[in-house]
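# Architecture at a glance
What follows is the residue order along each chain.
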Amino acid sequence: MAEKTAGLSKDERDAVKQRAAELRAEEKAGKTRAAGEKALREAVAALPDDDRALAEGIDRIVSEVAPHLVPKTWYGFPSYADADGKVVVFFKPASKFTTRYATLGFEETAQLDDGDLWVTSFALLKLTPETEKTIAAHIRKAAG
C-alpha cells in the first residue's frame with residue numbers, strides 16, 4: 001500500500017494561492033501587456049537584493065532578444081508568455097522555496113526541442129557576460 005504524504009508544503013500552498021490571485025487580477029485588469037508588466041515589476045520589487053538583480057537582468061535580456069513575449073507573473077514568478085498567453089520562460093527566485101540557486105526555466109511552449117534531449121531549466125547564481133550570452137541564446141530560440 002502506498003504511503004500517505006503530507007500533501008503540499010506551506011510554500012507550495014502559498015504558491016497555489018498566489019496563482020489563484022494572479023488569475024483573478026488578470027481577469028479584473030485584463031490580460032494586457034501593461035497589466036502584465038505592472039504585475040512583473042511588483043513581483044521583482046518584492047524580491048531580496050540578489051534575486052531582484054537576477055530578475056531585473058533576465059527582464060532586460062528578454063526585452064532585448066524577445067520583445068514579443070508578454071511579461072506576467074506565474075505562481076508569483078516573473079514570466080514571459082507567447083501571443084496565446086502560454087508561459088515560455090520564467091524566473092524562479094532562490095528565495096521562493098529557500099533553495100541555494102535561482103532557476104531560469106522554460107515551459108513546454110518553448111521552442112528548444114533538440115532531438116530526444118534538451119534543456120528545460122538552468123540553475124542561476126549570477127549574471128556574467130558569459131551567462132547572459134547563454135541566456136540570451138536560449139531565450140531567443142525558445143521564443144521562436
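Look up: the structure comes first, before these words.
Everything quoted here is computed from the prediction, not taken from an experiment. Along each chain, residue indices are assigned from 1 in the same order as the chain's sequence is written. Thresholds applied to this predicted model are a pLDDT of at least 70 for local features of residues and 80 or more for the giving and counting of side-chain atom pairs; totals over whole chains, interfaces and linings are not thresholded and use all residues. Calculated side-chain values reflect all of the structure's heavy atoms, with hydrogen atoms and water omitted.

Now for the overall build of the protein. Scanning the protein from terminus to terminus reveals four helices and five strands. When the helices and strands of the protein are placed in sequence order, the string is α-α-α-β-β-β-β-β-α. Relative to its length of 144 residues, the protein is compact, with a C-alpha radius of gyration of 16 Å against a globular reference of 15 Å. Each of the three principal axes of the protein carries a C-alpha extent, and together these read 45 × 40 × 35 Å. Once local pairs closer than 6 in sequence are excluded, the contacts in the protein between residues at least 24 apart make up 50%. Secondary structure follows DSSP: runs of H or I at least 4 residues long count as helices, runs of E at least 2 residues long count as strands, and numbering of each begins at the N terminus. Only C-alpha atoms enter the radius of gyration, while the globule expectation follows 2.2 Å times N to the 0.38, with N the number of residues. Any two residues whose heavy atoms approach within 4.5 Å at even a single point are treated as in contact.

A word on the pattern of salt bridges. Throughout this description, the term salt bridge denotes a Lys or Arg side-chain nitrogen within 4 Å of a carboxyl oxygen of Asp or Glu. Applying the stated criterion across every chain yields a total of six salt bridges. With its nearest N and O atoms 2.8 Å apart, the salt bridge here joins Lys10 to Asp14. On the criterion of helical spacing, the pair formed by Lys10 and Asp14 is a turn pair, its members being four residues apart in helix H1 (residues 10-29). Judged by its relative accessible area of 54%, Lys10 is exposed. Partly exposed residues are those whose accessible area sits between 20% and 50% of the maximum for their type, while under 20% is buried and over 50% is exposed, using a 1.4 Å probe and protein chains only. In this structure Asp14 comes out as partly exposed when scored by relative accessible area, which is 31%. Residues Arg33 and Glu37 are paired through a salt bridge, measuring 3.8 Å at the closest nitrogen-oxygen approach.

What follows is about the sheet that holds strand E4 (residues 102-106). As summarised here, the arrangement of the five strands in space is E1-E2-E3-E4-E5, forming an open sheet in which the pairing is antiparallel. Unpaired on one side and paired on the other, strand E1 (70-74) and strand E5 (121-124) mark the two borders of the sheet. The mean inter-strand angle of the sheet, taken between neighbouring strand axes irrespective of direction, is 20°. Pairing between strand E2 (residues 77-81) and strand E3 (residues 87-92): three bridges, direction antiparallel. Within E3, the position partnered with Tyr80 by the bridge is Val89. Orientation is described by axes fitted as lines to C-alpha atoms, over the contacting stretch for helices, and by angles from 0 to 180 degrees between their N-to-C directions. Where helix H2 (residues 33-45) meets the sheet, its contacts fall on E1 and E2, and the angle it forms with E1 comes to roughly 50°. Sheet contacts for helix H4 (residues 129-143): E3, E4 and E5; angle to E4, the most-contacted strand, approximately 30°. DSSP bridges decide pairing: two strands pair if at least two such bridges lie between them.

This brings us to the packing of H2 against helix H3 (residues 49-65). Here H2 crosses H3 at 150°, and the two axes come no closer than 9 Å. Considering the angle they form, H2 stands roughly antiparallel to H3. Across the interface between the two elements, Leu40, Arg41, Val44 and Ala45 from H2 touch Arg52, Ala55, Glu56 and Asp59 from H3. Throughout this description, any angle smaller than 35 degrees is read as roughly parallel, any larger than 145 degrees as roughly antiparallel, any in the 65 to 115 degree range as roughly perpendicular, and the remainder as oblique.

Interaxial distance between H3 and H4 falls to 10 Å at its minimum, and their mutual angle equals 50°. Classified by the angle between their axes, H3 and H4 sit oblique to one another. Of the two possible hands of crossing, H3 and H4 adopt the one that is right-handed. Listed contacts from H4 to Ile58, Arg60, Ile61, Val62 and Val65 of H3 are Glu132, Ile135, Ala136, Ile139 and Arg140. When grouped by side-chain class, the residues that make up the contact of H3 with H4 number seven nonpolar, no polar and three charged. Whether a crossing is left-handed or right-handed is set by the direction in which the near helix is turned from the far one by less than a right angle, anticlockwise for left-handed and clockwise for right-handed. For this classification, the nonpolar set comprises Ala, Val, Leu, Ile, Met, Phe, Trp, Tyr, Cys and Pro, the charged set comprises Asp, Glu, Lys and Arg, and every other residue, Gly included, is treated as polar.

Taken by themselves, the reported measurements are silent on function.
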